[in-house]
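Now for the letters of each chain:
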Amino acid sequence: MILQLVEDGKLKLTDKLGDYFPEIPNSTKITIRDVMAHRSGIHDITSNRDLRPERTKPITKDEMVRIIAMGQPDFEPGSKFSYSNSGYFLLGYLIEKLTGKSYQEVLNERISSRIGLINTYIGTGSIDPKKNESFSYVRFDGWKEQPETHMSILFGSGALISTPSDLTTFMKALFDLKLINQESLNEMKPKDHPYGLGMGSFKFSGKTFLGHTGGIDGFGSWLAY
């Protein structure tokens, strides 16, 4: 969705994060490209007990931005790679700022309705089995249900709910250029590093795959092309 906004002329990858979130340390030096490539140096608050919000309780986006801004930068922008969920939380909020619409509305307009995704949406509250949503378990001395991280904490960094069928449809549409153009897709692909703009490369069974992994609570996923 960020690259779609770039194609629409509403954003440049070279724009500074400080134009939208001046409270973030180093934001006048961090580009949108840096954030997408996890090369911003923005501290990932999910790995910091002192900053991490209570995982099961809702939080506002502005409060999350305030907490993210409290984190000290891990390095100078562009100098290293370090995965930052905090950076992708900010990208989700940036989408709302640029469009004036909710993340869910933009997802529907720019992706789901365009390629026919019927079971992909933004989670906002608790897991609902009536929607075929699954609780999360891990196995130690038997199966144990895991506490739910509230989706408001994840937002742009991982609040998507979907199915294998929808994700397969999405990945094929992405590489068939039904969502972004070839130039944008080339931007996403890893070049001189195993991670590009929201897309990593993996070696498996003698082949190279492009995609992303995900994990939260007891859930795990891998989508690759």
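Whatever comes next refers back to the structure up there.
Residues numbered from 1 in each chain as written. Predicted model: local features only at pLDDT ≥ 70, side-chain atom pairs only at ≥ 80, totals over all residues. Heavy atoms only, no water.

## Some remarks on the pairing of strand 7 (residues 219-224)
On any regular strand, side chains alternate: one points to one face of the sheet, the next to the other face.
Step number 1: One ladder, built from six bridges, connects strand 6 (residues 207-216) with strand 7; its direction is antiparallel. Bridging from a neighbouring strand, Gly 214 pairs with Ser 221 of strand 7.
Step number 2: Connecting the antiparallel pair strand 6 and strand 7 is a turn made up of two residues, with Asp 217 showing a positive phi of about 55°. (Pairing = 2+ DSSP bridges. Helix = DSSP H or I, 4+ residues; strand = E, 2+ residues; numbered from the N terminus.)

## Points about the pattern of salt bridges
Step number 1: One pass over the structure, following the stated rule, counts eight salt bridges.
Step number 2: The closest approach of N and O atoms between Asp 217 and Arg 55, which form a salt bridge, is 2.4 Å. With a gap of 162 residues between them, Asp 217 in the loop between strand 6 and strand 7 and Arg 55 in the loop between helix 2 (32-36) and helix 3 (61-70) connect regions that are remote in the sequence.
Step number 3: Residue Lys 172 is joined to Asp 176 by a salt bridge in which the shortest nitrogen-to-oxygen separation is 2.7 Å. (Salt bridge = Lys/Arg side-chain N within 4 Å of Asp/Glu carboxyl O.)

## Observations regarding the sheet that holds strand 6
Step number 1: Across the sheet, which stays open at both edges, the three strands sit in the order 5-6-7 with antiparallel pairing between neighbours. The open sheet is flanked by strand 5 (200-204) and strand 7, the only strands paired with a single partner. Neighbour-to-neighbour, the strand axes of the sheet open up by a mean angle of 45°, direction not taken into account.
Step number 2: Sitting on the sheet, helix 7 (residues 164-175) is in contact with strand 6 and strand 7, with an inclination near 30° to strand 7. (Axes fitted to C-alpha atoms, helices over the stretch in contact; angles between N-to-C directions. Contact = heavy atoms within 4.5 Å.)

## Concerning unusual backbone geometry
Among all residues save glycine, negative phi is the norm, and among peptide bonds the norm is trans.
Step number 1: Its identity as a non-glycine residue notwithstanding, Asn 26 has a phi of 70°, on the positive side.
Step number 2: Within the secondary structure layout, Asn 26 lies in the loop between helix 1 (2-7) and helix 2.

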